[in-house]
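Per-entry structural report
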Amino acid sequence: MVPSALALGYVLNVLFRLSLVTKQDHPVVSPDESMYLVMARILAGRPTTEIPGDQVIPAGYSLLISPALRITEDPVYAYHLIMGINALISCLVLPMAYWALRRLSVSKLVSYIAASATALVPPVVFYSQFAMADTPLPVLVLAWLIGLHGLFSEGSKKRRIWFGLLGAFAAGYCLLTHDRGGVIIALSGVVLVMALVFKWAPRIATVSALAVLAVMFAGKQLMTSWMISRIDGAHPSEVGNAVLQTLENSRLMRRTLMRTIGHLWYFMTCTWGLGALTVVVCVYAVFSSRFTLANRVVAFVMVALLGGIALAAAAGLPNDHRIDTIVYARYLSLLVPVYLLVAVAVLYHVRGWKKIVALGAAASLLTLVLTAALLHMASQQWSKSWFILWALPDVTFLSSLSGGDWGSFHAARTTAVALIVLAVLLLLRLLGGSRRAVLASGAVGVALAVFAGCATVAITDHVTKPNAAWRYGDGTGFIEKAGIRPGDRLVMDKGFRWEIRMTMAYQVLDGRIWTRSLIKNDAPPTEANVAVLALFEEKAEAKDSWRNAPAGWHVDRHVPEDHYVIWRRD
């Protein structure tokens, strides 16, 4: 019955995700999506082109979606296929979450309900609606932690070897997928070395896991080098250098601390306080001999990863005067499923109303302390910073439930709603007492599933769909208006709209693009046959957009409502 139920749940989740992205025709998150898509087109064997920012980021996610770009040259159809691949990958959270809960000795029924709820939470679904590496990361993190848990649990040597290999491969593929994987692989290395020293696992299992980590690390370096060799002027990502430089700068310590608090606050609220409950339990587990070695090790890496990513993101993000830079949602989203699952497992196993109340009080206190610290350090920044709805979906949804709108940021209101949700969930568990703990935990799971599904649909309606419609002119709309034809080789002036320049690296799928300072007399590439230049003067003639156009170029069309001119080579 369980395999059939998981298969059915998986299919339904895939269909649900696909129903949410029926009008997603083109990338809308710049430059992130375009960077992954450019690498995917190269991995698919298509012609090279310019990559936004000239930086090569980890290409593991691009490898997963590259089959879509082998099938078709139509960028819209290819993007639809990528959304399908995203749905297939994202829904793997369901069986992985079920497996994780069963390893924590939760009953089959409660495990299935809670796993279904976890597959529906906004941080899992939302990022799968875009061509971004955040899609596979929650699945990989679950596989990594399951692998570590199995490696350090009692069992046969062969079984523990396989768990160790699973954890090491998942950690390595996290590194291959995003820079956050650097924290994961570092933690894995530390834990495995400690396991060798203290003999926590069979030596062959630990050594095998370390070998896989080394191979995956080397593979990541080789893939990056290969990508750089394929893209003119490209260089490795500079995120790591930015993090180290910021951490070494004493003048930026307050800013880094403020952002770290903000990221942790966002995580606690977007998990509706359950993330804070898990933090409390994990910290206690690390120092308590009442827990098994496997639980203590996993508890340690969960807390260390939460703090490590929050600190690294706080240091690495630029000073771009955006609210979401202070309270960033995306970088910690990969931990949302596992933190929710551990919280459900805790509520399933804990007995006695006093313990449940104590856990709820501790989680609420942690969330309130983070809120107070955030308001104290950052409240004056809100009026000076940009509010970007796409980057703040979860907290904006929560604040909207208390009478707010979707156009502004409300930290205190968000906290209040998140803690109300936590209180309702804990009340459901309390109503079951000790005798009906399983039934009450199932009710908590059902409530989570309903709330998560509603939140995901609301965020899709208020964020994803409007964002796609608004960016239409930067993607498919530009292709149509500009008259871009199959095989065109497009050079764009650096003064032209940034969002379109980022998107075209993917949209011109069967040609290629360049960026040059054409109005400053940069020569267009000899292979280019189309040029795009901005023209903001309403009374100016189209030919004034490129006064020093080389011989052989002529105005093809003028799009005055969007302030640009298309030139073609004779």
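It should be noted that the structure appears before, not after, this text.
In this text the structure is predicted, and so the values were computed from the model without any measurement. Position numbers for residues start from 1 in each chain and track the written sequence from start to end. With the structure being a predicted model, the display of local features is reserved for residues of pLDDT at least 70 and the display and counting of side-chain atom pairs for 80 or more, all residues being used for whole-chain, interface and lining totals. Side-chain calculation: all heavy atoms of the structure are included, whereas hydrogens and water are not.

1. What about the overall build of the chain?
Within the chain one finds 23 helices and 7 strands. A radius of gyration in this sense is built from C-alpha atoms; the matching globule rule multiplies 2.2 Å by the number of residues raised to 0.38. Here the C-alpha radius of gyration of the chain, 25 Å, is about what a compact globule of 570 residues would show, namely 25 Å. Across its three principal axes, the chain shows a C-alpha extent of roughly 85 × 55 × 55 Å. Note on classification: 1.4 Å probe, protein chains only; a residue is buried when its accessible area is under 20% of the maximum for its type, exposed when over 50%, partly exposed between these limits. Put simply, the chain has 570 residues, and 58% of those count as buried. As displayed, the chain has an accessible area near 23,400 Å², and 63% of this comes from carbon and sulfur atoms. Numbered from the N terminus, helices here are DSSP runs of H or I no shorter than four residues, and strands are runs of E no shorter than two. The Shrake-Rupley method, run with a 1.4 Å probe sphere, supplies the accessible areas, and residue values consider only the shown protein chains as cover.

2. Looking at helix 14 (residues 274–286)
In a helix, the anticipated span is given by 1.5 Å times the number of residues less one. When the terminal C-alpha atoms of helix 14 are compared, their 18 Å separation across 13 residues agrees well with the 18 Å that a helix rising 1.5 Å per residue should span. Where the residues of helix 14 are buried, they touch helix 13 (253–270), helix 15 (293–316), helix 17 (336–349), helix 18 (353–378), helix 20 (411–432) and helix 21 (437–470). Note on contacts: a residue pair is in contact if any heavy atoms of the two residues lie within 4.5 Å.

3. Considering empty space enclosed by the protein
Points on a 1 Å grid, built from protein atoms alone, make a cavity when a 1.4 Å probe fits but cannot get out and make a pocket when they are open with protein on both sides within 12 Å along at least 5 of 7 lines; residues with an atom within 4 Å of a point are the lining residues. Grid points are joined across faces, edges and corners, and a volume is the space filled by probe spheres set on the points. Counting across every chain of the model gives 5 cavities of 30 Å³ or more. Here the largest cavity defines a volume of roughly 50 Å³. Trp144, Gly147, Leu148, Leu151, Phe163, Gly164, Gly167, Ala168, Ser188, Leu192, Ala209 and Leu213 are the residues that line the largest cavity. For the lining of the largest cavity, the secondary structure elements donating two or more residues are helix 8 (137–151), helix 9 (157–177), helix 10 (181–198) and helix 11 (203–230). Residue type decides the class: Asp, Glu, Lys and Arg count as charged, Ala, Val, Leu, Ile, Met, Phe, Trp, Tyr, Cys and Pro as nonpolar, and the leftover types, Gly among them, as polar. Within the lining of the largest cavity, the residues separate by chemical class into 8 nonpolar, 4 polar and no charged. Reported here for the second largest cavity is a volume of approximately 50 Å³. What lines the second largest cavity is Pro122, Pro123, Cys270, Trp272, Asp394, Phe397, Leu398, Ala455 and Ile459. Looking at the lining of the second largest cavity, the elements that each hand over two or more residues are helix 7 (122–126), helix 19 (393–400) and helix 21. When residues of the lining of the second largest cavity are assigned to their parent elements, the largest contribution, 3 residues, is made by helix 19.

4. So, the side chain of Glu33
Position of Glu33 among the secondary structure elements: in helix 2 (residues 32–43). Ignoring any residue separated from it by four or fewer positions in sequence, one finds Glu33 in contact with Pro27, Val28, Tyr79, Phe130, Ala131 and Met132.

5. Re the pattern of salt bridges
One side-chain nitrogen of Lys or Arg within 4 Å of one carboxyl oxygen of Asp or Glu is enough to make a salt bridge. Here the structure, examined in full by the defined rule, presents 17 salt bridges. In the salt-bridge network here, residues are joined through shared partners; they are Asp32, Asp134, Arg180 and Arg330.

6. Looking at the packing of helix 2 against helix 11
Lines fitted to the C-alpha atoms define the axes, with helices restricted to the stretch that makes contact. Angles between their N-to-C directions range from 0 to 180 degrees. One way to put it is that helix 2 packs onto helix 11 with a least axis distance of 11 Å and a crossing angle of 90 degrees. As far as their axial angle goes, helix 11 and helix 2 are roughly perpendicular. Touching Met39, Ile42 and Leu43 of helix 2 are Trp226, Met227 and Arg230, all from helix 11. The residue inventory of the contact of helix 2 with helix 11, partitioned by class, reads 5 nonpolar, no polar and 1 charged. For this classification, under 35 degrees means roughly parallel, over 145 means roughly antiparallel, 65 to 115 means roughly perpendicular, and everything else is oblique.

7. So, the nonpolar core
Among the nonpolar cores identified, the biggest contains 193 residues, and Trp144, Val327, Leu335, Phe478 and Leu490 are the most heavily contacted of them. Of the residues forming this core, the biggest block, 12 residues, is contributed by helix 17. Excluding anything up to four places from it in sequence, Leu335 contacts Val141, Phe267, Leu305 and Leu306. Buried Ala, Val, Leu, Ile, Met, Phe, Trp, Tyr and Cys residues form a nonpolar core when they are joined through side-chain atoms within 4.5 Å. Grouped together as the second largest cluster of nonpolar side chains are 13 residues, Ala528, Leu533, Trp553 and Trp567 included.

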